[in-house]
Protein chains: 2
Amino acid sequence: MSDSIAEPLSFVCAPAIAAKDRIVLGHGSGGRLSAELLRDVFLPMFSNPILDRMDDQAVLEIGGSRLAFTTDSFVVQPLFFPGGDIGSLAVHGTVNDLAMGGARPLFLSVAFILEEGLPTETLRRIVASMTEASAAAGVSIVTGDTKVVERGKGDGVFINTTGIGIVPEGVSLSANQARPGDRVLLSGSIGDHGIAILARREGLEFDAEIVSDSAPLHEMVAAMLGVSTQGAASGQIRCLRDPTRGGLSSSLNEIASQSGVSIQLEETAIPIRDEVKGACELLGFDPLYVANEGKLVAIVAPEAADAVLDAMRHDQRGADAQIIGTVGGRIGAGRARVTLRTAFGSTRIVDLLAGDQLPRIC
Amino acid sequence: MSDSIAEPLSFVCAPAIAAKDRIVLGHGSGGRLSAELLRDVFLPMFSNPILDRMDDQAVLEIGGSRLAFTTDSFVVQPLFFPGGDIGSLAVHGTVNDLAMGGARPLFLSVAFILEEGLPTETLRRIVASMTEASAAAGVSIVTGDTKVVERGKGDGVFINTTGIGIVPEGVSLSANQARPGDRVLLSGSIGDHGIAILARREGLEFDAEIVSDSAPLHEMVAAMLGVSTQGAASGQIRCLRDPTRGGLSSSLNEIASQSGVSIQLEETAIPIRDEVKGACELLGFDPLYVANEGKLVAIVAPEAADAVLDAMRHDQRGADAQIIGTVGGRIGAGRARVTLRTAFGSTRIVDLLAGDQLPRIC
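Only a predicted model underlies this, so the values are computations on that prediction, with no experimental measurement involved.

### Brief notes about the overall build of chain A
Okay, so step 1: Secondary structure summary: chain A contains nine helices and 14 strands in total.
Okay, so step 2: Over its C-alpha atoms chain A spans a radius of gyration of 20 Å, differing by no more than 12% from the 21 Å that the globule rule assigns to 362 residues.
Okay, so step 3: With the principal axes as the frame, chain A shows a C-alpha extent of 55 × 50 × 45 Å.
Okay, so step 4: Within chain A, the fraction of its 362 residues that count as buried is 61%.
Okay, so step 5: The long-range fraction of contacts in chain A, counting pairs at least 24 apart against all pairs at least 6 apart in sequence, stands at 83%.
Okay, so step 6: Only carbon and sulfur atoms are counted for the fraction: they give 49% of the accessible area of chain A, which is about 13100 Å².

### What to know about the interface of chain A and chain B
Okay, so step 1: With 74 residues of chain A at the interface, the matching set in chain B holds 74 residues.
Okay, so step 2: Summing both partners gives a buried area of about 6600 Å² for chain A against chain B, and 68% of it is carried by carbon and sulfur.
Okay, so step 3: When the shortest N-O distance is used, the salt bridge between Lys-147 of chain B and Asp-72 of chain A registers 3.4 Å.
Okay, so step 4: In this assembly, chain A and chain B are joined by 29 residue pairs in polar contact (both at pLDDT 80 or more).
Okay, so step 5: Only α2 (32-46), β1 (58-62), β2 (65-74), β5 (104-115), α4 (120-137), β6 (140-149) and β7 (157-166) of chain A provide two or more residues apiece to the side of chain A that touches chain B.
Okay, so step 6: Broken down by element, the side of chain A that touches chain B gets its largest block of residues, ten residues, from β6 of chain A.

### Some remarks on the relation of the copies chain A and chain B
Okay, so step 1: With an RMSD of 0.0 Å, chain A superimposes on chain B once it is rotated by 180° and translated 0.0 Å along the axis. The transformation just described matches what one would write down for a two-fold rotation axis. It is Gly-154 of chain A whose C-alpha, among those of chain A, lies nearest the rotation axis, at 2.2 Å.
Okay, so step 2: Comparing contact sets, 100% of the residues at the interface of chain A also lie at the interface in chain B, consistent with an isologous, same-surface contact.

### Examining the pattern of salt bridges
Okay, so step 1: Following the criterion strictly, the structure yields 40 salt bridges over all chains and no others.
Okay, so step 2: A salt bridge links Arg-238 of chain A to Asp-182 of chain A, with the shortest nitrogen-to-oxygen separation between them at 3.0 Å. Separated by 56 residues along the polypeptide, Arg-238 of chain A in strand β9 (residues 237-241) and Asp-182 of chain A in the loop between β7 and β8 (183-186) bring together distant segments of the chain.
Okay, so step 3: For Arg-238 of chain A, a relative accessible area of 8% gives the class buried.
Okay, so step 4: A residue is classified by how much of its surface remains accessible, and Asp-182 of chain A, at 0% relative accessible area, is buried.
Okay, so step 5: The salt bridge involving Glu-36 of chain B is made with Lys-20 of chain B; its shortest N-O contact spans 3.4 Å. Note that Glu-36 of chain B is positioned in helix α2 (residues 32-46) and Lys-20 of chain B in the loop between α1 (14-18) and α2, a separation of 16 residues in sequence.
Okay, so step 6: Relative accessible area serves as the criterion here: at 55%, Lys-20 of chain B is assigned to the exposed category.

### Some points on the domain arrangement of chain A
All names here are of chain A.
Okay, so step 1: Examined at the domain level, chain A breaks down into domain 1 (25-166) and domain 2 (183-349).
Okay, so step 2: Each of domain 1 and domain 2 has a C-alpha centre, and the two are 21 Å apart.
Okay, so step 3: Contact with domain 1, which involves 27 residues of that partner, is made by 26 residues of domain 2.
Okay, so step 4: Both faces considered, domain 1 and domain 2 share a buried interface measuring about 2100 Å² in area, 55% of it formed by carbon and sulfur atoms.
Okay, so step 5: Contact with domain 2 buries area across many residues of domain 1, yet Pro-82, Asn-96 and Met-100 alone supply 28% of it, more than any other trio.
Okay, so step 6: For the pair domain 1 and domain 2, the interface holds two salt bridges.
Okay, so step 7: The tally of links from domain 1 across to domain 2 stands at twelve residue pairs in polar contact (both at pLDDT 80 or more).
Okay, so step 8: Looking at the side of domain 1 that touches domain 2, the elements that each hand over two or more residues are β3 (80-81) and α3 (86-99).

### Points about the packing of aromatic side chains
How two aromatic rings sit relative to each other is given by the distance of their centres and the angle of their planes.
All names here are of chain A.
Okay, so step 1: For the structure shown, the criterion picks out five aromatic pairs over all chains.
Okay, so step 2: Here the aromatic rings of Phe-42 and Phe-46 are separated by 6.1 Å at their centres, their planes lie at 20°, and the arrangement is stacked. Pair noted here: Phe-42 and Phe-46 are both in helix α2, with a separation of four residues, about one helical turn.
Okay, so step 3: Its relative accessible area of 5% is what places Phe-42 among the buried residues.

### Description of the environment of Arg-238 of chain A
Residues and elements named next belong to chain A.
Okay, so step 1: Sequence separation of Arg-238 and Gly-194 is 44 residues, and the distance between their C-alpha atoms is 27 Å.
Okay, so step 2: Other than its neighbours up to four places away in sequence, Arg-238 contacts Ser-172, Leu-173, Ser-174, Gln-177, Ala-178, Arg-179, Asp-182, Ile-299 and Ala-301.
Okay, so step 3: Of note is the side chain of Arg-238, whose polar atom sits 3.3 Å from the backbone oxygen of Gly-235.

### So, the packing of helix α3 (residues 86-99) of chain B against helix α4 (residues 120-137) of chain B
Residues and elements named next belong to chain B.
Okay, so step 1: Contact geometry for α3 and α4: axes closest at 7 Å, N-to-C directions at 30°. Relative to α4, the element α3 is oriented roughly parallel. Handedness of the crossing formed by α3 with α4: right-handed. Of the residues in α4, those in contact with Ile-86, Gly-87, Ser-88, Ala-90, Val-91, His-92 and Val-95 of α3 are Ile-126, Ser-129, Met-130, Ala-133, Ser-134 and Ala-137.

### Looking at the side chain of Ser-262 of chain A
Okay, so step 1: Mapped onto the secondary structure, Ser-262 of chain A falls in strand β10 (residues 261-266).
Okay, so step 2: For Ser-262 of chain A, the contacting residues outside a window of four places in its chain are Thr-326, Val-327, Gly-328, Gly-329, Ile-331 and Arg-337 of chain A.

### Considerations on the pairing of β6 of chain A
All names here are of chain A.
Okay, so step 1: Here β6 lies mainly inside the structure; eight of its ten residues are buried.
Okay, so step 2: Two elements, β5 and β6, share nine bridges in a ladder whose sense is parallel. Bridge assignment links Leu-114 to a residue of β6, and that residue is Val-148.
Okay, so step 3: In this region the chain leaves β5, passes through α4 and returns to the parallel neighbour β6; the handedness of that crossover is right-handed.

### Focus: helix α5 (residues 192-202) of chain A
Residue and element names in this part refer to chain A.
Okay, so step 1: Judged by how many residues are buried, α5 sits mostly within the fold: eight of eleven residues are covered.
Okay, so step 2: Turning to α5, its buried residues number three or more, namely Asp-192, His-193, Gly-194, Ile-195, Ala-196, Ile-197, Leu-198 and Ala-199.
Okay, so step 3: The secondary structure elements touched by the buried residues of α5 are β3, α3 and α8 (274-283).

### Considerations on the sheet that holds strand β10 (residues 261-266) of chain B
All names here are of chain B.
Okay, so step 1: The seven strands lie next to each other as β9-β11-β8-β12-β10-β13-β14, forming an open sheet whose pairing is mixed. Taken across any chain shown, the strands that pair with only one partner, and hence form the sheet edges, are β9 (237-241) and β14 (347-349). The mean inter-strand angle of the sheet, taken between neighbouring strand axes irrespective of direction, is 25°.
Okay, so step 2: As judged from the four bridges shared by β9 and strand β11 (residues 297-300), these two strands associate in the antiparallel manner. From the neighbouring strand, Arg-241 faces β11, where its bridge partner is Val-297.

### Side note on the sheet that holds strand β14 (residues 347-349) of chain A
Residue and element names in this part refer to chain A.
Okay, so step 1: The strand order β9-β11-β8-β12-β10-β13-β14 describes an open sheet built from seven strands, whose pairing is mixed. Single-partner strands in this sheet number two, and they are β9 and β14. Between one strand axis and the next, the sheet turns by 25° as a mean value, whatever way the strands run.
Okay, so step 2: Taken together, the five bridges between β10 and strand β13 (residues 337-341) define a ladder with parallel strand orientation. Residue pairing across strands places Gln-264 opposite Thr-339, the latter belonging to β13.
Okay, so step 3: Packed on one face of the sheet, helix α6 (residues 218-228) meets β9 and β11 (297-300) and runs near 170° to β9.

How each quantity is defined
- Residues numbered from 1 in each chain as written.
- Chains lettered and ligands numbered in written order.
- Predicted model: local features only at pLDDT ≥ 70, side-chain atom pairs only at ≥ 80, totals over all residues.
- Heavy atoms only, no water.
- Helix = DSSP H or I, 4+ residues; strand = E, 2+ residues; numbered from the N terminus.
- Rg over C-alpha atoms; globule rule 2.2 N^0.38 Å.
- Buried < 20%, exposed > 50% of the residue type's maximum accessible area, 1.4 Å probe, protein only.
- Contact = heavy atoms within 4.5 Å.
- Areas by Shrake-Rupley, 256 points an atom, 1.4 Å probe, with all protein chains shown as cover.
- Buried area = accessible area lost by both parts, 1.4 Å probe.
- Salt bridge = Lys/Arg side-chain N within 4 Å of Asp/Glu carboxyl O.
- Polar contact = N/O pair within 3.5 Å; in protein donor to acceptor, adjacent residues only side chain to side chain.
- Least-squares fit on C-alpha atoms with pLDDT ≥ 70 in both.
- Domains from an automatic or database assignment.
- Phe/Tyr/Trp six-rings, centres within 6.5 Å; stacked < 30°, edge-to-face > 60°.
- Axes fitted to C-alpha atoms, helices over the stretch in contact; angles between N-to-C directions.
- Parallel < 35°, antiparallel > 145°, perpendicular 65-115°, else oblique.
- Left-handed = near helix turned anticlockwise from the far one by under 90°.
- Pairing = 2+ DSSP bridges.
- Right-handed = clockwise from strand over helix to strand, strands pointing away.

Right under this line is the structure:
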């Protein structure tokens, strides 16, 4: 295997990446700097067995039930974009983090940080969008909070959503369960959300409008688990992730690292829309690092891969699902190596995002 | 009864209060504008039976357990102040919102919104403080999130904490349960937190340093419930509130409004430190509207009031607890009337805070 190593492209210059003593935008990227902040600042102090599993949701045993519990703040700019807005995104993001733990999403809390001067009508539109998105996803918004900061101390609207769901009996998904030989399944095309945000933010126009894929994925997950928990297939879905910040590369690097395995991807199998591909080429972005908000990646036992893929394709969110790679041999924990066989037959390393390719996409 | 109506003092000028089409600081005050935003924007769309109870926490029935679920974002400035910092405050605030539902606090999520350029050392100090506060309160931080916004789009650090607790069997507290004849109990002196923040923010110096009362209250609550749920006393604690934003006046107005009752307070019974009283007089603040972060107000059946007061006084957080008033007759829902008999024997209406006396105190 020849490694023609290509560095991921980045808008952030080298000195920022080197900054250890100050927070830079890259610390919110979902890439290498986010991982460093977690490792150096948060985990040493907050450490406990539940947090240390490092999944997108905590699973809590309470009174005989297993609850999934997850939090996300949303700072996306612009607030409204093709395919969604900060409100629907805040609902979908937390619904999906619950779903990635195999949970049925039930309840959300919503906390707003508003900037003085925000038009009340803007807030109304966002609240209406959250109402619609939560009804569509079957979750109830049951508690909330609102703070206001002075003009110039915020940016219109920030939203935190925190969610509770129930993990069905027999379901146990975690990023540390990938095994050699497992298949890597992706539910559809990559890069739509990040490029839609960028295009709207920068006023870029393409022949075809690029629309965010922001969507709830819990129904597709339920269908996938329905296949894999029947009899012998139980446990055959090892792990689910939604490749948001940091894109597909970050999700797969986290899984590889936590499971102590390598992952090999086939570039030609990864779905990408022509217009997104074109925009990425024009702008110098690597679509493997661009955020998605309505896609998932699944690590599945080889014998169940076809049945799970079939379940994904029967869901409207997974019509373009593909098997995009394979889990390779075990390697030392923390020494993940995700590689991509390109369309030209060469192989390159797909590393964690360095810096911050696209700030504030969620 | 003679009503010598005194308008609450406010730093916010009239035109801002009148603003309906734009968000003003007062919308985050916990006072009248917060209530209007809730009534006009959030409740009409988010409405559901759990949210509509309007308590500081939702109570969810899941798998035979009753879970309390609550969220708060913290935007306090300065980040560090006498008696605490944004980190310990974020833990205490959510622990206390769970405790006010009678719940035993168990788990927290933590979400940071960081401003680019924040010294990493500042973040470390905050994380260390949260670690200490959560250990002291017996809660685990089990999931988290970090976002970064550009310089000038945030203000150092904003923190959201969302909490889960278990409500013990037989406990049912809600702001709509106050009954005529109930006693109003307050766990200690008012105004310490708000004045400590203001003094540090504005560089004011007093003879004695004023220190925030930020503290977890769940142990005192457990002791109070231990008294009132024994045999015949079950249900005799009707409601608990921590008078944070908007101060004691807001908490009591909410309770009066939701229960459709009046409340009469005795000014001379309300504990207040001399230095806080002096600072309020100097600055033109009404201490009834100043935030507290380690106090609670309880509505208790008259026959249980002395026993509950005794339990409060045996806790270090409640040594100065007092019975400060009585629930009066039923009045139309939404037509709350909280009145205060002053030290001079006159009576004044204690209305919801108009405007925002002290922005960003939590």
